[in-house]
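# What the coordinates show
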Amino acid sequence: MKWDWSAVSDFMPHFWDGLLVTLQILVLGSLVSFSLGLVWTLLMRVPSRWVTWPVGVVTEFIRNTPLLVQLFFLFYVLPEWDITFSALTTGVVAIGLHYSTYTMQVYRAGIEGVPVGQWEAATALNLPLAKTWTAVILPQAIRRVVPALGNYVISMLKDTPLLMAITVLEMLGEARLFSQQNFQFTEPLTVIGVAFIIISYLASLALRALERRLVH
């Protein structure tokens, strides 16, 4: 086997296109996941089975079915019901929805970890419920769960290649297309592997820095 640097050079414009798409998926998917996960968590705390039961069923179903199945359903089945999104939008929604059921559990653990005294203090101060959540409970809960949320960001990064199945040309999609067109697989796939390692490492460093900042 001979390493061909010219193949790397030829692939790099495609790599940058794929990297941009990967980062778009990661950022937007994370926002969907974090926001929707918090919504699921708060709905599960509503004192009514008419709310908690359907939310529990939906989130358990999403968490226990493969992300790839969900991607195919959103991309191929919804159009039969006249609900159509672009491949990129479908991928962002699918990955955000899927991981929201995991971040939901992270938020739940963080909220349950807030000392009871904090709830009692808010009650003693006669704070409105909304103020209790936004000013007292959630800031403490989220500070506790930042490491776990960050781990799911890295997991989402590793799952972005699945979107290739619905024609999204993220990093691996670009590498696969380039390889098939040029019959050179080693160089582009190696570049992609190294890129995933570097991005994951940088994300880990950023997470540790954020964690230290929140602790201090």
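What you see is a predicted model; the values in this text were computed from it and never measured.

Right, let's get into the overall build of the protein chain. When its secondary structure is counted, the protein chain shows eight helices and zero strands. Listed N to C, the secondary structure of the protein chain is α-α-α-α-α-α-α-α in terms of helices and strands. Oriented by its inertia axes, the alpha-carbon framework of the protein chain measures out at about 70 × 50 × 20 Å. The long-range fraction of contacts in the protein chain, counting pairs at least 24 apart against all pairs at least 6 apart in sequence, stands at 79%. As displayed, the protein chain offers around 12500 Å² of accessible surface, 68% of which is attributable to carbon and sulfur atoms. For the protein chain, the distance from the average site of its 13 positive side-chain charges to the average site of its 13 negative ones is 15 Å.

A separate point is the pattern of salt bridges. Should the charged atoms of two oppositely charged side chains come close, the side chains can pair. A full pass over the atoms with the stated rule returns two salt bridges. Across the salt bridge formed by Glu60 and Arg63, the nearest N and O atoms sit 1.9 Å from each other. Here Glu60 pairs with Arg63, and both are found in helix α2 (residues 49–63), just three residues apart, close to one helical turn. A residue is classified by how much of its surface remains accessible, and Glu60, at 37% relative accessible area, is partly exposed. Residue classification places Arg63 among the buried positions, given a relative accessible area of 16%. The residue Arg108 makes a salt bridge to Glu112 at a minimum N-O spacing of 3.1 Å. One end of the pair, Arg108, and the other, Glu112, are both in helix α4 (residues 87–112), four residues apart, so they sit about a helical turn from each other. By relative accessible area, which is 37% here, Arg108 ends up partly exposed. With a relative accessible area of 53%, Glu112 lands in the exposed category.

Conventions adopted
- Residues numbered from 1 in each chain as written.
- Predicted model: local features only at pLDDT ≥ 70, side-chain atom pairs only at ≥ 80, totals over all residues.
- Heavy atoms only, no water.
- Helix = DSSP H or I, 4+ residues; strand = E, 2+ residues; numbered from the N terminus.
- Contact = heavy atoms within 4.5 Å.
- Areas by Shrake-Rupley, 256 points an atom, 1.4 Å probe, with all protein chains shown as cover.
- Lys, Arg positive; Asp, Glu negative; His and termini not counted.
- Charge placed at Lys NZ, Arg CZ, Asp CG, Glu CD.
- Salt bridge = Lys/Arg side-chain N within 4 Å of Asp/Glu carboxyl O.
- Buried < 20%, exposed > 50% of the residue type's maximum accessible area, 1.4 Å probe, protein only.

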